[in-house]
Structure formats: C-alpha cells, structure tokens
Amino acid sequence: TKAPMNNVNFRRALAYALNPSAIAQAVYGGITSAATPTGLLPTLNKAGFVDQTVEKQYGATYNPAMAKSLLAKSGYTGRTLTLEAPQGWSDWNSAQLVIQQELQAAGIKVQVVEPSSNQRTADLTNGNYDLALDNNAGLDSSPYSYFQRVYQLPIQKEQAAQMNWERFSSPTDWNLVQQASSTAPSDTAKLNQIYSSLEKDFLQQQPEIPLWYNGVWFQGNTQYWSNFPSSTGSDQNMPAMWNNYIGAMTTVLALAQLTPTPQKTS
C-alpha cells in the first residue's frame, strides 16, 4: 500500500534492475549462490517443486533496459527510498551498497540506512520502512512455508513472526497456500498445480525480490576427531549451530558419526 512499492511496474523494475549474480560475487566472492526468480531453495528445485516453464516465462532477470522501461510506467517521481539492514551485519551492509548502485543506475534513488538489529526488526514488524533485506525463509521439504511467509493474511498492525512483512494482500494466493496445507503430501499432482500457480503469481506480482541463497559453512579440526561431514561427499548432515539447526535439523546426527582420530605415539 506504500508508494511507489504499491505499483507492480515499480516492483518489477526493481527486480530487473538487480543482478543477484553480481551481488553474490562482489559481496561473498562466489561462496553463496544467486537466487532464482522464485527464490525457492535449490533443494525444492531438485524435488521437482519449481515449475521451470513458469519461471522461464515470467521470472525477472537482470535487464537494466527493461527496468527503465517498467520504471517509466510506474509513476515513480524520483523520491529517495531507504534500504535498511542491521548495523554490523557486514555482508548485508556491503550488499546494500551494491544494491544501491544497481538501483541508482536504473534511475531509482536509494539511501542506505543501518539501524540496530532490534530497531530493524521493529521497523519491519510495524511497517516503518521502504525497502529492507530479510532472510527468514529456511529449509523445508516443500514450498509451503515459503509462500505462507509471503502471503499470510490478515494483515495486522504489527506483523509478527516474520510473516508477510511486505504487507502484500492477495486473498487468492493466501487461499492457495491454505489449500496446500490441507493437501496430502502424496497428492503430488494437486500440490504441483497449487505451487505452480503460486510461483506464477509471485513472479507476476513481485511482492519480494529474491537475491541470493545464504551460505552455511563449517570447519573442523581432525586432530582428535574425524569423519566430519563434507559438502562433496554423500553425507549431507549439516553441522551448523544457526537457528536451532542443532536440535531441529541434522547437527546431532553429524556429531554422532564422528570417530576418534588414531593418535601417533612417539
């Protein structure tokens, strides 16, 4: 509801003006991956949940000329918009500068702001922001939680629990999300139809703009313990301590498979 973000041409102009690959390379040196237009994680693509035809037909990819064309149709008057990320989140703060440069090259004026982490969360919860970086979509076995987060209704004065912080109102898509929640996982035909529709609407409406897939990394010392998981091996257990991974994901399994490293005697 907040101009100029309430205009779909403006949101699409933003998407075409941004180059996820350049951000991933400039900020992370290539250790993270550029997001696809849907933003659905690669694991969901491998599981067959991403409609490649829909993504190819409707997905926005880096195209400054298209960005300027859409911007001209959007009614944008040149107002300076804020782009916020928490102060001290150095990778995000670096990404803000790249995003600022890319948007300004397309004719969109941006001011980078870095509030405290608590203030940033309050801003998103209360809707007191223009543009912001966010990464609350995590690993899941289906796209349900991703689209629940994008489309959840009703919109409250305070949007808690990281749901629909962009305050996008689409009752049709929220109904599709609810249909997905009540569909048996075995009914893959119906689920694929639902998620294909959600992906198409997401790409046409652009309520959010996927940029990059966050990286998870681990390093271990094999002096005393061996058999740590490896991204190049068949063991996909994840020894990460972020966001309750140690209890909710696979860290415990990773630790359980460690073996003592034989010690040399002198």
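So, here is what we can say about the structure in this document. These figures come from a predicted structure and were not determined experimentally.

Criteria and thresholds
- Each chain has its residues counted from 1, running along the sequence as written.
- Reporting of local features is limited, given that this is a predicted model, to residues whose pLDDT is at least 70; pairs of side-chain atoms are given and counted only at 80 or more, and all residues count toward the totals for whole chains, interfaces and linings.
- Note that the side-chain values use all heavy atoms of the structure and ignore hydrogens as well as water.
- The convention used is that axes are lines fitted to C-alpha atoms, helices contributing only their stretch in contact, and that angles between N-to-C directions extend from 0 to 180 degrees.
- Here a strand is any run of E in DSSP of at least two residues, a helix any run of H or I of at least four, and the numbering for each starts at the N terminus.
- Roughly parallel means an angle under 35 degrees; roughly antiparallel means over 145; roughly perpendicular covers 65 to 115; every other angle is labelled oblique.
- Note on convention: the crossing is left-handed when the near helix lies turned anticlockwise from the far helix by less than a right angle, right-handed when the turn is clockwise.
- Contacts were defined at the residue level, with two residues in contact if any of their heavy atoms lie within 4.5 Å.
- Residue polarity is assigned by list, with Asp, Glu, Lys and Arg as charged and Ala, Val, Leu, Ile, Met, Phe, Trp, Tyr, Cys and Pro as nonpolar; anything else, Gly included, falls into the polar class.
- Here a cavity means grid points, on a 1 Å grid over the protein atoms only, where a 1.4 Å probe fits yet cannot get out; a pocket means an open set of points with protein on both sides within 12 Å along at least five of seven lines; lining residues are those with an atom within 4 Å of a point.
- Grid points are joined across faces, edges and corners, and a volume is the space filled by probe spheres set on the points.
- Nine residue types can take part in a nonpolar core, namely buried Ala, Val, Leu, Ile, Met, Phe, Trp, Tyr and Cys, and a core is a set of them joined through side-chain atoms within 4.5 Å.
- Each residue is assigned to one of three classes by its accessible area relative to the maximum for its type, calculated with a 1.4 Å probe on protein chains only: buried under 20%, partly exposed between the two thresholds, exposed over 50%.
- Only strands joined by at least two bridges in the DSSP assignment are considered to pair.
- The rule is short: rings of Phe, Tyr and Trp, with Trp giving its six-membered ring, pair when the centres are within 6.5 Å, and they are stacked under 30 degrees, edge-to-face over 60, tilted in between.

### What about the packing of helix H9 (residues 171-181) against helix H10 (residues 188-205)?
When two helices pack together, their arrangement is captured by the angle between the axes and the distance separating the axes. Direction vectors running N to C along H9 and H10 enclose 155 degrees, while the axes themselves pass 10 Å from each other. By the angle between their directions, the pair H9 and H10 is classed as roughly antiparallel. The chirality of how H9 crosses H10 is left-handed. Contacts between H9 and H10 involve Asp173, Leu176, Val177, Gln179 and Ala180 from the former and Lys190, Leu191, Ile194, Tyr195, Ser197, Leu198, Asp201 and Gln205 from the latter. Split into classes, the residues belonging to the contact of H9 with H10 amount to seven nonpolar, three polar and three charged.

### Overview of the packing of helix H8 (residues 144-151) against H9
Packing of H8 against H9 brings their axes to within 10 Å, and their N-to-C directions diverge by 150 degrees. Classified by the interaxial angle, the pair formed by H8 and H9 is roughly antiparallel. Note on packing geometry: the crossing formed by H8 with H9 is left-handed. Along its contact with H8, which presents Tyr144, Phe147, Gln148 and Tyr151, the element H9 presents Asp173, Trp174, Val177, Ala180 and Ser181. Looking at the contact of H8 with H9 residue by residue, the classes come out as six nonpolar, two polar and one charged.

### Points about the layout of surface pockets
In this approach, a probe sized like a water molecule rolls over the atoms, and the result shows the empty space that is left. Within this model, the second largest pocket holds a volume of roughly 170 Å³. Residues that form the lining of the second largest pocket fall into these classes: ten nonpolar, five polar and no charged.

### Concerning the nonpolar core
Most often, soluble globular proteins keep nonpolar side chains buried together rather than apart. In terms of nonpolar packing, the biggest core is built from 30 residues, with Phe10, Ile99, Leu103, Ile108, Leu133 and Trp212 touching the most fellow members. Only helix H1 (8-17), helix H2 (20-28), helix H5 (64-74), strand E2 (81-84) and helix H6 (90-105) provide two or more residues apiece to this core. If one sorts the elements of this core by residue count, H1 sits on top with six residues. Discounting residues that sit within four places of it in the chain, isoleucine 108 has contacts with Phe10, Leu14, Leu71, Tyr76, Leu81 and Leu103. Counting 22 residues, the second largest nonpolar core, distinct from the first, contains Val50, Val177, Phe202 and Leu203.

### Remarks on the sheet that holds strand E3 (residues 110-113)
Spatially, three strands are ordered E3-E2-E4 in an open sheet, and the strand pairing comes out parallel. Each edge of the open sheet is held by one strand with a lone partner, namely E3 and strand E4 (131-132). Taken together, the four bridges between E2 and E3 define a ladder with parallel strand orientation. Residue pairing in the sheet places threonine 82 in a bridge with glutamine 111 of E3. Here H6 sits on the sheet in contact with E2, E3 and E4, set at roughly 170 degrees to E3.

### Quick look at the packing of aromatic side chains
Within the structure shown, the criterion is met by ten aromatic pairs. Consider the rings of tyrosine 146 and phenylalanine 147, whose centres lie 5.3 Å apart with planes at 85 degrees: the pair is edge-to-face. Accessibility classification places tyrosine 146 together with phenylalanine 147 in one group, the buried group. Between phenylalanine 147 and tyrosine 151, the aromatic rings sit 6.4 Å apart at their centres with planes inclined by 20 degrees, giving stacked as the arrangement. Linking phenylalanine 147 with tyrosine 151, this pair stays in helix H8, spanning four residues, or about one helical turn. Taking relative accessible area as the criterion, phenylalanine 147 reaches 1% and is therefore assigned buried. Connected via pairs of aromatic rings, a cluster forms that spans Phe49, Tyr146, Phe147, Tyr151, Phe168, Tyr195 and Phe202.

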